[in-house]
Amino acid sequence: MDIPPDVTAGVAVFDRLTGRFTESFQADLAFRSASVVKLLLALDHLWTRDPVHDIPQADRDRIGAMLSSSDDDAASHYWAAGGGSAVISRMVARLGLTGTAQPPPGYPGYWGYTATTAADTVRVYRYLLDEAPSSVRDFVMEALHRSTRCATDGFDQGFGLPAAFDGPVAVKQGWSGFSSGGCGVTARSPGSSPDEAAADLSSPADESPGPGPRPAAEGAGEPPGGRASAPALDLTSDALHTTGTVGPDDRTIIAVLTLHPDGTPYGKAYNKVTALVAALNAPGAVRPAGIRFTTWGGGVRVRSGASTASTALTTLPAGVDVLVDCQERGERVSVPPYVNDWWAHLPQYDGWITNIYLTSPDNTLPGVPSCS
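What counts and what doesn't
Residues numbered from 1 in each chain as written. Predicted model: local features only at pLDDT ≥ 70, side-chain atom pairs only at ≥ 80, totals over all residues. Heavy atoms only, no water. Pairing = 2+ DSSP bridges. Helix = DSSP H or I, 4+ residues; strand = E, 2+ residues; numbered from the N terminus. Axes fitted to C-alpha atoms, helices over the stretch in contact; angles between N-to-C directions. Buried < 20%, exposed > 50% of the residue type's maximum accessible area, 1.4 Å probe, protein only. Polar contact = N/O pair within 3.5 Å; in protein donor to acceptor, adjacent residues only side chain to side chain. Parallel < 35°, antiparallel > 145°, perpendicular 65-115°, else oblique. Contact = heavy atoms within 4.5 Å. Nonpolar A, V, L, I, M, F, W, Y, C, P; charged D, E, K, R; others polar. Salt bridge = Lys/Arg side-chain N within 4 Å of Asp/Glu carboxyl O. Disulfide = S-S within 2.5 Å. Phe/Tyr/Trp six-rings, centres within 6.5 Å; stacked < 30°, edge-to-face > 60°. Core = buried A, V, L, I, M, F, W, Y, C linked by side-chain atoms within 4.5 Å. Left-handed = near helix turned anticlockwise from the far one by under 90°. Expected span 1.5 Å × (residues − 1).

Draft legend 1. Examining the sheet that holds strand S6 (residues 238-246) more closely. Spatial strand order, S2-S1-S7-S6-S5: five strands in an open sheet with antiparallel pairing. Taken across any chain shown, the strands that pair with only one partner, and hence form the sheet edges, are strand S2 (20-25) and strand S5 (169-176). Each neighbouring strand pair of the sheet contributes to a mean axis angle of 5°, computed without reference to strand direction. Relative to strand S7 (residues 252-260), strand S1 (residues 8-15) is paired through eight bridges, and the arrangement is antiparallel. Residue pairing in the sheet places Ala12 in a bridge with Ala255 of S7.

Draft legend 2. Here's a closer look at the side chain of Arg303. Turning to its location among the elements, Arg303 is positioned in strand S9 (residues 300-303). Judged by relative accessible area, which is 4%, Arg303 ranks as buried. A polar contact of 3.2 Å, which involves the side chain of Arg303, links it to the backbone oxygen of Thr308.

Draft legend 3. Representation of the packing of helix H1 (residues 38-46) against helix H4 (residues 86-95). Running from amino to carboxyl end, H1 crosses H4 at an angle of 80°, the nearest separation of the two axes being 10 Å. When the axes of H1 and H4 are compared, the pair comes out roughly perpendicular. Across from Leu40, Leu41, Leu43 and Asp44 in H1, the residues of H4 making contact are Val87, Ile88, Arg90, Met91, Arg94 and Leu95. Residues of the contact of H1 with H4, tallied by class, amount to seven nonpolar, no polar and three charged.

Draft legend 4. Fine view of the side chain of Asn340. Inspection of the secondary structure puts Asn340 in strand S13 (residues 338-346). A polar atom in the side chain of Asn340 sits 2.9 Å from the backbone nitrogen of Trp342. From its side chain, Asn340 meets the backbone oxygen of Asn363 in a polar contact 3.0 Å long. Excluding anything up to four places from it in sequence, Asn340 contacts Glu331, Arg332, Val333, Asn355, Ile356 and Asn363.

Draft legend 5. Seen up close, the pattern of salt bridges. Evaluated as defined, the whole model comprises 12 salt bridges. We note a salt bridge from Asp72 to Lys38, for which the minimum N-O separation is 2.9 Å. Of this pair, Asp72 sits in helix H3 (residues 72-81) while Lys38 sits in helix H1, and the two are 34 residues apart along the sequence. Residue class for Asp72 comes out buried when judged on its relative accessible area of 5%. Accessibility expressed as a relative area gives 0% for Lys38, which makes it buried. Arg149 is paired through a salt bridge with Asp156; the nearest N and O atoms lie 2.6 Å apart. The same class applies to Arg149 as to Asp156, namely buried.

Draft legend 6. Main features of the state of the cysteines. Inspection of every chain in the model, using the stated rule, returns two disulfides. Across a sulfur-sulfur distance of 2.0 Å, Cys326 and Cys371 are joined as a disulfide pair. Of note, the bridge from Cys326 to Cys371 carries an S-S torsion of about 90° and is right-handed in sense. Here Cys326, found in strand S12 (residues 326-335), pairs with Cys371, found in the segment after strand S14 (351-354); they are 45 residues apart in sequence, far enough to count as distant. On the basis of relative accessible area, Cys326 is assigned to the buried category, the value being 12%. Cys371 sits in the partly exposed class, given a relative accessible area of 28%.

Draft legend 7. Looking closely at the packing of aromatic side chains. For the structure on display, the rule yields 12 aromatic pairs. Where Tyr107 meets Tyr110, the ring centres are 5.8 Å apart and the plane angle is 85°; that geometry is what we call edge-to-face. As far as the burial class goes, Tyr107 and Tyr110 line up, both buried. With a centroid separation of 5.2 Å and an interplanar angle of 75°, the aromatic rings of Phe155 and Tyr266 are classed as edge-to-face. On the criterion of sequence distance, the pair formed by Phe155 in the loop between helix H6 (134-145) and helix H7 (161-164) and Tyr266 in helix H8 (residues 266-278) is long-range, its members being 111 residues apart. Considered together, Phe155 and Tyr266 belong to a single accessibility category, that of buried residues. An aromatic cluster is defined as three or more aromatic residues linked by ring pairs; in this entry it consists of Phe155, Phe159, Trp175, Phe178, Tyr266 and Tyr270.

Draft legend 8. Geometry of the nonpolar core. Phe165 and Ile254 are the most contacted members of the largest nonpolar core, which has 49 residues in total. Here the element with the most residues in this core is H8; it accounts for six residues. For Phe165, the residues in contact, after removing those within four places along its chain, are Val246, Ile254, Val277, Ala278, Ala282, Ala285, Val286, Arg287, Pro288 and Gln348. Counting residues in hydrophobic clusters, the runner-up holds 42 residues, among them Leu39, Met91, Val124 and Tyr125.

Draft legend 9. Summary view of the packing of H1 against helix H2 (residues 57-68). Between H1 and H2, the least distance of the axes is 9 Å, while the angle of their chain directions is 160°. In terms of orientation, H1 and H2 fall into the roughly antiparallel class. In this structure, H1 crosses over H2, and the sense of that crossing is left-handed. Packed against H1, whose contacting residues are Lys38, Leu39, Leu41, Ala42, His45 and Leu46, the element H2 presents Asp59, Ile63, Met66 and Leu67 at the interface.

Draft legend 10. Seen up close, helix H5 (residues 118-130). With 13 residues, H5 should cover 18 Å at 1.5 Å per step; its first-to-last C-alpha distance of 18 Å lies within 8% of that length. Every buried residue belonging to H5 is among Ala118, Asp120, Thr121, Val122, Val124, Tyr125, Tyr127, Leu128 and Leu129, and all of these are buried.

So, in structure tokens, the structure goes:
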């Protein structure tokens, strides 16, 4: 396992077929959970309820959005409804968690400051998959298998598991301190091609302070006056976590929790976490074919065809690595001083981007075959 020198990581990979861990690195190191705690919020609410028969559709929709699209308002709702930190105390006892703890003193409403570990995260998934009532398991896992690339708050959830592996993949991401630059197809960045690049949209960190107004300067979930560090839990470094399952029948559980120096660009952290995950021994995982190239420019549009007239499918954050399986000539695009008529096909998005926005010394991408 190759952990970048400036990244603090906790890693646990568990093969349910053999009942053994295939990877473990600082698996008991505590991290602030960010949105990974939403797994516990969902399970706590469902503990004595049948999600099919005992929960109204509106409530099922809210839990689904909290899990699939990391909806913060839903998390704040269930945190308050469950008694705040009492949710964590109940779930620690129920699941036998050893490294999970309530938010630090002074931050009782900050559900994203719940402490957790990679080992405990695996334990949560093992309970969900092998011990929970079938209706709970099916409901929660279906939501995780439907994980959206864009979170409710506009954050790009494409890092880690969904970037490193093809399906079937179930995902619950977590982040704190990062802005992904937005996730959509609408805006444009100054000085970029009006048909190809979208603006870096500011999106908040994925933590909520619970009930009450959210601080504006530090991002949702950051305590007024800025982030502070605690002896047992780093609340200062930027956090980027990727967790879930890969392989048929959710064979392998993966939990990768990471911290990065405060102010690290999202693209840089995205690439490091994805590379770390891709190198893991994950039985049953499907690794996509292609060559990775790094994007530049904020919010490059991915289109349905090799032209600016084609439908814009989504945008990409600046500086992230994308997988390219082939390239072909299409519309000639000019972004001074660059002019290029070659386009790259991105299989994980089933779309195209102009080669201008991929870091390469030439108009064509080295080692990438023609699509024809």
